Amino acid sequence: MAYPDSLLSEGEQVVAHKHPHAKMLVFPVLALVLTVAAAVAVAVWARDLDPPWDMVALVAVAAIGGILVIWLFLVPFVRWRTTHFVVTTDRVIVREGVIKRTGIDIPMQRIHSVRFEHGLVDRIFGCGTLVIESASDEPLTFDDIPQVERMHTYIYRQVNDNPYDDFDARGGTRPYPVADERQERYGRA
């Protein structure tokens, strides 16, 4: 789902729009599978109870299972789906929540530095933590950002307005114009 153009300033363009990495859904999906398996096992056991306790047990299992599925799976899934990390030509936008909506906009001119961190597990999943230092007192930390190195480069490019840095969005590296000029001037390959 693209970020709504109606929320952008005139001339502002979306450079990247991401949700947190899907790795944050591993435990909720595991909880869903375990809850459903436990509910089925208890329902099979409750089937052998004497009436009316068999129906009471089945209703209790359905109610408790439903509450656990909502709390352990549905809430984290909705939180993941409604969290947006957007980099535009003018700012970094973070929005989260459904009922209580929160957001932060960081103008590119206010960003002092941007860095990323990712450990072994994050590197396996291809995500990491993005840390943005701006005019605020504390650095802002954003966890589970997919393709964190690429997002870091997008923001770095927008802040420094440097189209010739070391990352090319098409997957390669760009030669520095200074090196090309030296090669032409001195005839070196």
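Calculation criteria
Sequence order as written defines the numbering, with residues in each chain counted from 1. Thresholds applied to this predicted model are a pLDDT of at least 70 for local features of residues and 80 or more for the giving and counting of side-chain atom pairs; totals over whole chains, interfaces and linings are not thresholded and use all residues. Side-chain descriptors were evaluated using all non-hydrogen atoms of the structure, hydrogens and water having been removed beforehand. Helix and strand assignments follow DSSP, with helices taken as H or I runs no shorter than four residues and strands as E runs no shorter than two, numbered in order from the N terminus. Three exposure classes are used, based on accessible area relative to the maximum for each residue type with a 1.4 Å probe and protein chains only: buried under 20%, partly exposed in between, and exposed over 50%. To measure how exposed things are, a 1.4 Å probe is used in the Shrake-Rupley method; for residues, cover is taken only from the protein chains shown. Each pair of strands is called paired provided DSSP finds at least two bridges between the two strands. As defined here, a cavity is a set of points on a 1 Å grid over the protein atoms alone where a 1.4 Å probe fits but cannot get out. A pocket is an open set with protein on both sides within 12 Å along at least five of seven lines, and residues line them when an atom is within 4 Å of a point. Grid points are joined across faces, edges and corners, and a volume is the space filled by probe spheres set on the points. For this classification, Asp, Glu, Lys and Arg are treated as charged, while Ala, Val, Leu, Ile, Met, Phe, Trp, Tyr, Cys and Pro are nonpolar and the rest, including Gly, are polar. Structural elements are reduced to axes, namely lines fitted to C-alpha atoms, with helices fitted over the stretch in contact, and the angle between N-to-C directions of any two is expressed from 0 to 180 degrees. Contact criterion: two residues are considered in contact whenever any of their non-hydrogen atoms come within 4.5 Å of each other. Side-chain rings of Phe, Tyr and Trp, where Trp is taken by its six-membered ring, are said to pair if the distance between their centres is within 6.5 Å; with planes under 30 degrees apart they count as stacked, over 60 as edge-to-face, and otherwise as tilted. Whenever a nitrogen or oxygen atom comes within 3.5 Å of another N or O atom, the pair is scored as a polar contact, on the condition that within protein one atom can donate a hydrogen and the other can accept it, and that pairs from neighbouring residues in sequence are kept only if both atoms are in side chains.

Trainee: Would you take a moment to explain the overall build of the chain for this structure?
Mentor: A count of helical and extended segments in the chain gives 5 helices and 7 strands. For the chain, the N- to C-terminal ordering of α and β elements is β-α-α-β-β-β-β-α-β-β-α-α. Here the chain, with 189 residues, has 30% of them falling under the buried criterion. Accessible surface for the chain amounts to roughly 12,600 Å². Of this, 60% is attributable to carbon and sulfur atoms.

Trainee: Got a minute to help me understand the pairing of strand β4 (residues 102-107) in this structure?
Mentor: As a general feature of sheets, a regular strand has side chains that alternate between the two faces. Here strand β3 (residues 91-96) runs beside β4; their pairing, made up of 6 bridges, is antiparallel. From the neighbouring strand, Glu 96 faces β4, where its bridge partner is Thr 102. Counting the residues in the hairpin turn of β3 and β4 gives 5 residues, including Gly 97, whose phi is positive at 105°.

Trainee: It is not clear to me how the layout of surface pockets should be interpreted in this structure. Could you clarify?
Mentor: Unoccupied space between atoms shows up once a probe the size of one water molecule is rolled over them. Considering only enclosed or pocket space, the largest pocket measures out at about 230 Å³ in volume. Contributing to the lining of the largest pocket are 14 residues, with Pro 20, Thr 83, Glu 96, Phe 142 and Asp 143 lying nearest its centre. At the level of secondary structure, the elements contributing two or more residues to the lining of the largest pocket comprise β2 (84-88), β3 and β7 (140-146). Broken down by element, the residue count for the lining of the largest pocket peaks at 4 residues, all from β7. Its residues assigned to classes, the lining of the largest pocket comprises 7 nonpolar, 3 polar and 4 charged.

Trainee: What am I meant to see in the sheet that holds β4 here?
Mentor: Hydrogen bonds between backbone atoms are what pair the strands of a sheet, whose relative direction is either parallel or antiparallel. Here 4 strands make up an open sheet; going across it, the order is β1-β2-β3-β4 and the pairing antiparallel. Each of the sheet's edge strands pairs with one partner strand only, and the pair in question is β1 (14-18) and β4. Neighbour-to-neighbour, the strand axes of the sheet open up by a mean angle of 10°, direction not taken into account. Packing against the sheet, helix α4 (residues 148-160) makes contact with β1, β2 and β3, and its axis sits at approximately 35° to β2.

Trainee: Just checking my understanding: could you explain the packing of aromatic side chains for this structure?
Mentor: Any two aromatic rings considered together are summarised by their centre-to-centre distance and by the angle between their planes. Across all of its chains, the model carries 3 aromatic pairs by this definition. Consider the rings of Phe 73 and Phe 77, whose centres lie 6.0 Å apart with planes at 15°: the pair is stacked. Of this pair, Phe 73 and Phe 77 both sit in helix α2 (residues 53-81), 4 residues apart, which is roughly one turn of the helix. For Phe 73, a relative accessible area of 18% corresponds to the buried category. With a centroid separation of 5.8 Å and an interplanar angle of 40°, the aromatic rings of Phe 77 and Trp 80 are classed as tilted. Pair noted here: Phe 77 and Trp 80 are both in helix α2, with a separation of 3 residues, about one helical turn.

Trainee: What exactly am I supposed to notice about the sheet that holds strand β6 (residues 127-133) here?
Mentor: Taken in spatial order, the 3 strands of this open sheet run β5-β6-β7, and their pairing is antiparallel. Single-partner strands in this sheet number two, and they are β5 (113-117) and β7. On average, adjacent strands in this sheet sit at an angle of 25° to one another, irrespective of strand direction. The pairing of β6 with β7 spans 5 bridges and is antiparallel. Residue pairing for β7: Val 131 is matched across the bridge by Thr 141.

Trainee: When you look at the environment of Thr 129 in this model, what are you seeing that I'm missing?
Mentor: Mapped onto the secondary structure, Thr 129 falls in strand β6. The buried category is assigned to Thr 129, whose relative accessible area is 12%. In this structure, the C-alpha to C-alpha distance between Thr 129 and Asp 144, residues 15 residues apart in sequence, is 5.8 Å. A polar contact is formed between the side chain of Thr 129 and the side chain of Asp 143, at a distance of 3.2 Å.

Trainee: I keep staring at unusual backbone geometry and nothing clicks. Help me out?
Mentor: Trans is the prevailing form of peptide bonds, just as negative phi is the prevailing case for residues other than glycine. Going from Pro 51 to Pro 52, the amide bond is cis rather than trans, its omega being -5°. With respect to the element layout, Pro 52 can be found in the loop between α1 (26-46) and α2. Notably, Asp 144 is not glycine yet its phi reads approximately 55°, a positive angle. Position of Asp 144 relative to the elements: it lies in strand β7. Of note in the backbone geometry, Gln 147 takes a positive phi value of approximately 50° without being a glycine. Summarising the element assignment, Gln 147 is placed in the loop between β7 and α4.

What is shown is where atoms sit, not what they do.
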